[in-house]
Amino acid sequence: MHEISLVRNIFRTLEEEFPTDMNRIRKIYLKAGLLSNVQPILMQNAFAAVLEDEPRYQQISLYVEVLPILVHCDTCDKTTEVQQYKFVCCCGKPSRNVVQGEELLISKVEFED
């Protein structure tokens, strides 16, 4: 399960970014594109497993937003949401220019007041 290593990397990143404020973090928000191979339920399960090993983070909650796949068409200069993994613009032309859907990022961190 690669999600556990992803969750550990998220905590490592936050520890580096907020070394003196980790005890104040309450919520972590992630954005995961459909092509990132991350499933929200598996991330939640991995998060719970890591919390069992790291009781100091018990006060933190994880929220995962799944982002659709968007492609940009060079022919008509429009951005279209991919449906059923068919990478075709609304104008009918195929497009490989993925502009959203591959990311996995920490979008927001909320701290206790």
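Small disclaimer: the values here were computed from a predicted structure and weren't measured. (Residues numbered from 1 in each chain as written. Predicted model: local features only at pLDDT ≥ 70, side-chain atom pairs only at ≥ 80, totals over all residues. Heavy atoms only, no water.)

A.B. asks: Tell me about the overall build of the protein, and name the residues and values.
C.D. replies: Tallying secondary structure elements over the protein gives two helices and six strands in all. When the elements of the protein are put in sequence order from the N terminus, they spell out α-β-α-β-β-β-β-β. Relative to its length of 113 residues, the protein is extended, with a C-alpha radius of gyration of 17 Å against a globular reference of 13 Å. Dimensions of the protein along its principal axes, counting C-alpha atoms only, are 50 × 30 × 20 Å. Out of the 113 residues belonging to the protein, those deemed buried represent 30%. (Helix = DSSP H or I, 4+ residues; strand = E, 2+ residues; numbered from the N terminus. Rg over C-alpha atoms; globule rule 2.2 N^0.38 Å. Buried < 20%, exposed > 50% of the residue type's maximum accessible area, 1.4 Å probe, protein only.)

A.B. asks: Before we move on, could you go through the side chain of Thr 80 and cite the residues and values that matter?
C.D. replies: Topologically, Thr 80 is positioned in strand E4 (residues 79-81). Its relative accessible area of 11% is what places Thr 80 among the buried residues. Among the polar contacts listed, one links the side chain of Thr 80 to the backbone nitrogen of Cys 90, at a separation of 3.2 Å. (Polar contact = N/O pair within 3.5 Å; in protein donor to acceptor, adjacent residues only side chain to side chain.)

A.B. asks: Can you lay out the pattern of salt bridges for me, pointing to particular residues and giving the numbers?
C.D. replies: Scanning the entire structure with this criterion turns up seven salt bridges. One salt bridge in this structure joins Arg 24 and Asp 21, with 3.4 Å as the shortest N-O distance. We note a salt bridge from Arg 56 to Glu 54, for which the minimum N-O separation is 3.2 Å. Arg 56 gets classed as exposed once you look at its relative accessible area, which sits at 53%. Overall, the relative accessible area of 21% leaves Glu 54 in the partly exposed class. One continuous salt-bridge network, built from bridges that share partners, spans Glu 15, Glu 54 and Arg 56. (Salt bridge = Lys/Arg side-chain N within 4 Å of Asp/Glu carboxyl O.)

A.B. asks: Outline the pairing of strand E1 (residues 25-33), supporting the account with residue identities and numerical values.
C.D. replies: Pairing of E1 with strand E6 (residues 104-111), which is carried by seven bridges, proceeds in the antiparallel orientation. Along E6, the bridge assignment pairs Tyr 29 with Lys 108. Across seven bridges, the pairing between E1 and strand E2 (residues 61-67) is parallel. When the sheet's bridge partners are listed, Ala 32 is paired in E2 with Val 66. As for the winding sense of the linkage, the β-α-β connection from E1 through helix H2 (residues 40-53) to E2 is right-handed. (Pairing = 2+ DSSP bridges. Right-handed = clockwise from strand over helix to strand, strands pointing away.)

A.B. asks: Summarise the sheet that holds E1; cite the residues concerned and give the values.
C.D. replies: As summarised here, the arrangement of the three strands in space is E2-E1-E6, forming an open sheet in which the pairing is mixed. Of all the strands in the sheet, just E2 and E6 have a single pairing partner and so form its edges. The average angle at which neighbouring strand axes cross in this sheet is 20°, direction not considered. Seen against the sheet, H2 touches E1 and E2 and runs at an angle of roughly 160° to E2. (Axes fitted to C-alpha atoms, helices over the stretch in contact; angles between N-to-C directions. Contact = heavy atoms within 4.5 Å.)

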